[in-house]
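Geometric and topological summary
Residue-level listing of the chains:
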Amino acid sequence: MIRNFVHFQEMEYITHKLFYVVLLCLLFLSPPFVSSQLNYKFYDSSCPNLSKIVQQGVRSAIANDSRIAASLLRLHFHDCFVNGCDASILLDDTSTLKGEKNALPNKDSVRGYEVIEKIKLALEEACPCTVSCTDILTLAATSAVYFSGGPYWPVVLGRRDGTTASEDAANDDLPSPFEPLENITAKFSAKGLNLRDVVVLSGAHTIGFAQCFTFKTRLFNFGDSGKPDPVLDTSLLTKLQNVCPNQADSDTKLAPLDPVTSNRFDNVYFKRLVNKSGLLQSDQLLMGDSRTSSMVISYSRFPNLFNKDFGASMMKMANIGVLTGQNGQIRKNCRVVN
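Conventions used here
Residues numbered from 1 in each chain as written. Predicted model: local features only at pLDDT ≥ 70, side-chain atom pairs only at ≥ 80, totals over all residues. Heavy atoms only, no water. Helix = DSSP H or I, 4+ residues; strand = E, 2+ residues; numbered from the N terminus. Buried < 20%, exposed > 50% of the residue type's maximum accessible area, 1.4 Å probe, protein only. Contact = heavy atoms within 4.5 Å. Axes fitted to C-alpha atoms, helices over the stretch in contact; angles between N-to-C directions. Parallel < 35°, antiparallel > 145°, perpendicular 65-115°, else oblique. Salt bridge = Lys/Arg side-chain N within 4 Å of Asp/Glu carboxyl O. Phe/Tyr/Trp six-rings, centres within 6.5 Å; stacked < 30°, edge-to-face > 60°. Lys NZ or Arg CZ within 6 Å of the ring centre and 35° of its normal. Core = buried A, V, L, I, M, F, W, Y, C linked by side-chain atoms within 4.5 Å. pLDDT = per-residue confidence, 0-100. Disulfide = S-S within 2.5 Å.

Some thoughts on the overall build of the protein chain
Counting its secondary structure elements, the protein chain contains 14 helices and two strands. Each of the 338 residues in the protein chain was classed as buried or not, and the buried ones make up 52%. Within the protein chain, residue pairs in contact and separated by at least 24 positions form 76% of the contacts whose partners lie at least 6 positions apart.

Looking at the environment of Leu 90
Mapping Leu 90 onto the fold places it in the loop between helix H3 (68–80) and helix H4 (113–126). Classification of Leu 90 by relative accessible area gives buried; the value is 3%. Separated by 26 residues in the primary sequence, Leu 90 and Ile 116 have C-alpha atoms spaced 8.9 Å apart. Non-local contacts of Leu 90, meaning those with residues more than four positions away in its chain, are made with Leu 75, Lys 101, Tyr 113, Ile 116, Cys 133, Leu 137, Arg 331, Cys 334 and Arg 335.

Notes on the packing of H3 against H4
Contact geometry for H3 and H4: axes closest at 9 Å, N-to-C directions at 80°. The angle between the axes of H3 and H4 places the two elements in the roughly perpendicular class. Contacts between H3 and H4 involve Ile 68, Leu 72 and Leu 75 on the former and, on the latter, Tyr 113, Val 115 and Ile 116.

Some thoughts on the pattern of salt bridges
In total, this model carries 15 salt bridges according to the counting rule given. A salt bridge links Glu 117 to Arg 335, with the nearest nitrogen and oxygen atoms 3.5 Å apart. One end of the pair, Glu 117, is in helix H4; the other, Arg 335, is in the segment after helix H14 (303–317), with 218 residues separating them in the sequence. Classification of Glu 117 as buried rests on a relative accessible area of 7%. Members of the salt-bridge network, linked through shared partners, are Asp 92, Lys 101, Glu 117 and Arg 335.

A closer look at the packing of aromatic side chains
Counting across every chain of the model gives 14 aromatic pairs. A centroid spacing of 6.1 Å and a plane angle of 45° characterise the contact between Phe 77 and Phe 188, whose relative ring orientation is tilted. With Phe 77 in helix H3 and Phe 188 in helix H7 (residues 181–189), this residue pair connects regions lying 111 residues apart in the sequence. In terms of burial, Phe 77 and Phe 188 fall into one category: buried. Three or more aromatic residues joined by ring pairs make a cluster, and in this case those are Trp 153, Phe 265, Tyr 269, Phe 270, Tyr 299, Phe 306 and Phe 310. The ring of Tyr 113 is capped by Lys 101, whose NZ or CZ atom sits 4.6 Å from the centre of that ring.

Some points on the nonpolar core
In terms of nonpolar packing, the biggest core is built from 71 residues, with Leu 50, Leu 73, Leu 90, Ile 116, Leu 123 and Phe 310 touching the most fellow members. Grouped together as the second largest cluster of nonpolar side chains are 14 residues, Cys 244, Ala 255, Leu 279 and Leu 280 included.

Brief notes about the confidence of the model for the protein chain
Here the protein chain shows a mean pLDDT of 91. Residues at 70 or above account for 89%. Contacts from residues 1–9, a stretch scored under 50 in pLDDT, to residues over four places away or in other chains number one contact. Note on residues 26–35: pLDDT under 50 across the span, and nine contacts to partners over four residues away in sequence or across chains.

Some details on the state of the cysteines
Overall, the coordinates contain four disulfides when judged by the stated rule. Cys 47 shares a disulfide with Cys 127; S-S distance 1.9 Å. A residue pair is termed long-range when its members are at least 10 positions apart, and Cys 47 in the loop between helix H1 (2–26) and helix H2 (50–64) and Cys 127 in the loop between H4 and helix H5 (133–147) qualify at 80 residues. Each member of the pair Cys 47 and Cys 127 is classed as buried. Covalent S-S linkage joins Cys 133 and Cys 334, the inter-sulfur distance amounting to 2.1 Å. Given an S-S torsion of about -100°, the disulfide between Cys 133 and Cys 334 has left-handed geometry. Of this pair, Cys 133 sits in helix H5 while Cys 334 is found in the segment after H14, placing the two residues 201 residues apart along the sequence. Its relative accessible area of 3% is what places Cys 334 among the buried residues.

Rendered as structure tokens:
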């Protein structure tokens, strides 16, 4: 009860502050010149403390909830895969817009919205009407990986926010843990990403947790066989069956994607795939194809190679369908279009 009350007060404070942010933004009659291209120094003059503010927000969030690092990374991924990186995933439903928050891959699953809102509020106080929600999402994901022990990669900036969202596109475009590798690869290819990107970005599952329903069929009724997935390591199978018993009320229970170092960004995920201990079927399938299995083995052996390639793939993903120049807008509140 107390926790809910505190949360309510906190959200009320954020809403109150954002009201004044909107008013302040309306006073800016001459918006600053916006480059039509992304670059590393986009906010150097207009918001010099941007990186510091984002990093402080992410670091504080991780200190309060170690799972949030993986959630912020996933939030960025789920945004970029639906009509490009435009912060559309942050938009609330309205009478004229059916957004992405309630799409099947996102509902009761995607987290981290409040972290982005707090960072946005801090940035609006430091440099009003300047930093897009899309760039905040991108920087937050980068910081989340870095603060979890993962690599750092430079981020080009200057993305602008979209003015629409699509629940249907989220349902259609986001990869599912139940899909075959060819379907997942096709969805990546449609976004300009290749097979190596599929393997590398799957490595994001080195941190975070999954709900039981996303892998429970592997434990009890794989392929409608009435038996567990024969590929799954037997000792892991027993542990997972205890965590996720074959009953409906266990669907939302959580299991770590990498139980060895669940909060540390490293290459243990790939080592577990080699040992037939991947949690999600879509992850373990990477060992069933000679093209992807060779990459998995390489990343399991060479963590520096994984770190380098992960940063490169994240940079590619962060440039999917971006809006720049006069396209899109700089939202004053990430949850609603201006």
